[in-house]
Amino acid sequence: MAPVQPAETLHAWESDTSRAPIATKIVVAGGFGVGKTTFVGAVSEIEPLTTEAVMTRASEDTDDLAATPEKTTTTVAMDFGRITLDADLVLYLFGTPGQQRFWFMWDDLVRGAIGAVVMADTRRLDDCFPALDYFESCGIPYVVAVNHFEGTHRYDVEDVREALSVPDHVPVVVIDARRTDSVVDALMALVGHAVALTPA
């Protein structure tokens, strides 16, 4: 007779049939190689779904590797992860592809999202302007998360805000996309910002 396997430990809210958790969708966007896949992977409670493909010579003329020479793969569709922030708040994270040739997917990925995290690398701030313009034009709440890479200068938040012309009401945070606590801080900033913009 096979041994009885222990039941998977459930959160209290998972066994409470009187209420269901609120599931929300958040998009993680930004330029090529800014750390979107790392961001999603740092907090996902499930094995993140990634669509990483090995970069080939065909992309040499379109993907600038000057700031990220060690990068060998790239997202060609999306990243997907899930995180439970509170007893009744579950976030589903969708990372967008960064290269311009994949931007046609953004409309589908963004549909139904409560907001977006726009990631920025201070070595190439220009790369996040398309994402900023996109979410501004859609009217979707967003925050800017400056992914601080080792060995780079750490700029003040207000300097980054000014360089990107980000409105005063939009949160700008400095993060390390490899650290769970840092990524959670960025997500909490977005949730708070989205709630603040929601009509009563």
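Analysis parameters
In this convention, every chain numbers its residues from 1, walking through the sequence in written order. For a predicted model such as this one, the threshold for reporting local features is a pLDDT of at least 70, and the threshold for listing and counting side-chain atom pairs is 80 or more; totals across whole chains, interfaces and linings nevertheless cover every residue. Derived side-chain values reflect all non-hydrogen atoms in the structure, with water molecules and hydrogen atoms excluded from consideration. Between rings of Phe, Tyr and Trp, where Trp is taken as its six-membered ring, a pair exists when centres lie within 6.5 Å; planes separated by under 30 degrees are stacked, by over 60 edge-to-face, and by other angles tilted. Think of it in three bands: with a 1.4 Å probe and only protein chains considered, a residue is buried below 20% of the maximum accessible area for its type, exposed above 50%, and partly exposed in between. Ring-over charges, as used throughout, are those where CZ of Arg or NZ of Lys falls within 6 Å of the ring centre and within 35 degrees of the ring normal. For every residue, the predictor states its confidence as a pLDDT score lying anywhere from 0 to 100. A run of H or I in DSSP becomes a helix once it reaches four residues, and a run of E becomes a strand once it reaches two; helices and strands are each numbered from the N terminus. What makes two residues a contact is simply this: any of their non-hydrogen atoms within 4.5 Å. For a helix, the expected span equals 1.5 Å multiplied by the residue count minus one. In this analysis, strands are considered paired if DSSP registers two or more bridges between them. Only the stretch in contact is used when fitting a helix axis, every axis being a line fitted to C-alpha atoms; angles between N-to-C directions are given from 0 to 180 degrees.

### Notes on the packing of aromatic side chains
Working step 1: Applying the stated rule across the entire model yields three aromatic pairs.
Working step 2: With a centroid separation of 5.2 Å and an interplanar angle of 90°, the aromatic rings of Y134 and F135 are classed as edge-to-face. F135 matches Y134 in its accessibility class, with the two residues each being buried.
Working step 3: Taken together, the ring pairs connect F80, Y92 and F94 into an aromatic cluster.
Working step 4: The ring of F149 is capped by R123, whose NZ or CZ atom sits 4.5 Å from the centre of that ring.

### Some remarks on the confidence of the model for the protein
Working step 1: Put simply, the protein has an average pLDDT of 81, and 72% of its residues get 70 or more.
Working step 2: The spread of mean pLDDT over the elements of the protein runs between strand β3 (residues 73-75), the lowest at 50, and strand β7 (residues 142-147), the highest at 97.
Working step 3: For the stretch residues 1-7, pLDDT sits under 50, and the model shows zero contacts to residues farther than four places along the chain or on other chains.

### Focus on helix α6 (residues 180-197)
Working note: α-helix, 3.6 residues per turn, so residues spaced by three or four point in the same direction.
Working step 1: Over its 18 residues, α6 runs 26 Å from end to end, which matches the ideal 26 Å to within 8%, given 1.5 Å per residue.
Working step 2: For α6, the complete set of buried residues consists of S182, V183, A186, L187, L190, V191, H193 and A194.

### Considering the sheet that holds strand β4 (residues 79-86)
Working step 1: Spatially, β4-β5-β1-β6-β7-β8 is the arrangement adopted by the six strands of the open sheet, whose pairing is mixed. Here the strands that pair on one side only, and so sit at the sheet edges, are β4 and β8 (172-175). Between one strand axis and the next, the sheet turns through 25° on average, direction left out of account.
Working step 2: As paired elements, strand β1 (residues 22-30) and strand β5 (residues 89-95) share seven bridges and run parallel to each other. Opposite I22, over in β5, you have L89 as the bridge partner.
Working step 3: Here α6 sits on the sheet in contact with β1, β4, β5, β6 (115-120), β7 and β8, set at roughly 160° to β7.

### Considerations on the environment of V143
Working step 1: Position of V143 relative to the elements: it lies in strand β7.
Working step 2: The class of V143 is buried, set by a relative accessible area of 0%.
Working step 3: Between the C-alpha atom of V143 and that of G115, which follows or precedes it by 28 residues, the distance is 8.2 Å.
Working step 4: Non-local contacts of V143, meaning those with residues more than four positions away in its chain, are made with A116, V117, V118, V170, P171, A186, A189, L190 and H193.

### Describing unusual backbone geometry
The bulk of non-glycine residues show a negative phi, and the bulk of peptide bonds are trans.
Working step 1: In this structure, S165 is a non-glycine residue whose phi angle is positive, near 55°.
Working step 2: Looking at the secondary structure, you find S165 in the loop between α5 (157-164) and β8.

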